[in-house]
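# Coordinate inspection notes
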Amino acid sequence: EPYLGFFFVLWAALCLAGASLISRSNPEDKTGVLALGGIGLVLVTVAVPVQLSGMWITVAWAVEAALLLWFGFGLKSAGIRTFADIVSAIAVVRLFFFELSLRGPLEDFTPLINQRAFVFLTVILSLFISSFLYRIYSEEVEDKDRSLSAFFGVAANLLLVFLLSME
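Small disclaimer: the values here were computed from a predicted structure and weren't measured.

## Quick word on the overall build of the protein chain
The number of helices and strands found in the protein chain is six helices and zero strands. When each of the 167 residues of the protein chain is scored for burial, the buried share is 38%. In the protein chain, 66% of the contacts between residues at least 6 apart in sequence involve partners at least 24 apart. Side chains of the protein chain carry 10 positive and 14 negative charges; the gap between the two charge centres is 4 Å.

## Quick notes on the pattern of salt bridges
The tally for this structure, following the rule as stated, stands at five salt bridges. The partner of K76 in a salt bridge is E140, and the shortest N-O contact between them spans 3.9 Å. Residue K76 is found in the loop between α3 (55–74) and α4 (78–99), and its partner E140 is found in the loop between α5 (115–136) and α6 (148–166); the two are separated by 64 residues along the sequence. Here K76 falls in the exposed class, since its relative accessible area comes to 61%. Residue classification places E140 among the partly exposed positions, given a relative accessible area of 32%. In this structure, K144 and D145 form a salt bridge, with 3.8 Å as the shortest nitrogen-oxygen distance.

## Topic: a nonpolar patch on the surface
A surface patch of nonpolar side chains, amounting to about 800 Å² of accessible area, comprises Y3, F6, F7, L10, W11, L14 and I39. No other element matches helix α1 (residues 4–25), which puts five residues into the nonpolar patch. Relative to the helices and strands, I39 resides in helix α2 (residues 30–51).

## Notes on the environment of V92
Position of V92 relative to the elements: it lies in helix α4. The contacts of V92, once residues within four sequence positions are left out, are V123, L127 and L159.

## Section: the nonpolar core
Core analysis: the biggest nonpolar cluster contains 32 residues, and L68, Y134 and L159 have the highest contact counts within it. Only α2, α3, α4, α5 and α6 provide two or more residues apiece to this core. Ranked by the residues each element gives to this core, the list is headed by α3, at 10 residues. Those residues in contact with L159 that sit more than four places away from it in its chain are V92, L95, F96, F120, V123, I124 and L127.

## Section: the packing of aromatic side chains
Tallying each qualifying case throughout the model produces 10 aromatic pairs. Following the ring pairs from residue to residue traces out a cluster consisting of F73, Y134, Y137, F151 and F152. Above the ring of F98, the side-chain terminus of R94 is found at 4.4 Å from the ring centroid.

What counts, and where the lines are drawn
- Residues numbered from 1 in each chain as written.
- Predicted model: local features only at pLDDT ≥ 70, side-chain atom pairs only at ≥ 80, totals over all residues.
- Heavy atoms only, no water.
- Helix = DSSP H or I, 4+ residues; strand = E, 2+ residues; numbered from the N terminus.
- Buried < 20%, exposed > 50% of the residue type's maximum accessible area, 1.4 Å probe, protein only.
- Contact = heavy atoms within 4.5 Å.
- Lys, Arg positive; Asp, Glu negative; His and termini not counted.
- Charge placed at Lys NZ, Arg CZ, Asp CG, Glu CD.
- Salt bridge = Lys/Arg side-chain N within 4 Å of Asp/Glu carboxyl O.
- Patch = residues over 30% accessible without salt bridge, like charges linked within 9 Å, V, L, I, M, F, W, Y side chains within 5 Å.
- Areas by Shrake-Rupley, 256 points an atom, 1.4 Å probe, with all protein chains shown as cover.
- Core = buried A, V, L, I, M, F, W, Y, C linked by side-chain atoms within 4.5 Å.
- Phe/Tyr/Trp six-rings, centres within 6.5 Å; stacked < 30°, edge-to-face > 60°.
- Lys NZ or Arg CZ within 6 Å of the ring centre and 35° of its normal.

What follows is the structure in structure tokens.
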């Protein structure tokens, strides 16, 4: 049981390797590549809450979202970029529903040097990275996605102001 998340990641790696093999051997077979690639990405995302707990789930999803977006631009895959955007949204939702209440006793409280601030800053950094990536790769995205750089930047700034107000 302590290694269950590892097996999710292992299975995801096998699915992603299979998608890569199909892509190289039969480039016309988009269904197999998308099916195995999608299953692999979902398994990696599901492995996070299986293996981790508490605030580390939100931190891992924020980091995963930024990495997936970077890979999506590197591989020129709109599907991976869309999945990264979804994982970012999940991280932000989890931030508000689970991590907002992270706070120890008030007498031991240290502003900005606590668990809640760490989780918020990780998600904020992930959103700023997403904004930056959408900006530097703006010529590679479709017109409907060009505003995502501004969206992620505004979301990150709003979260930063919210965090500073809360702290």
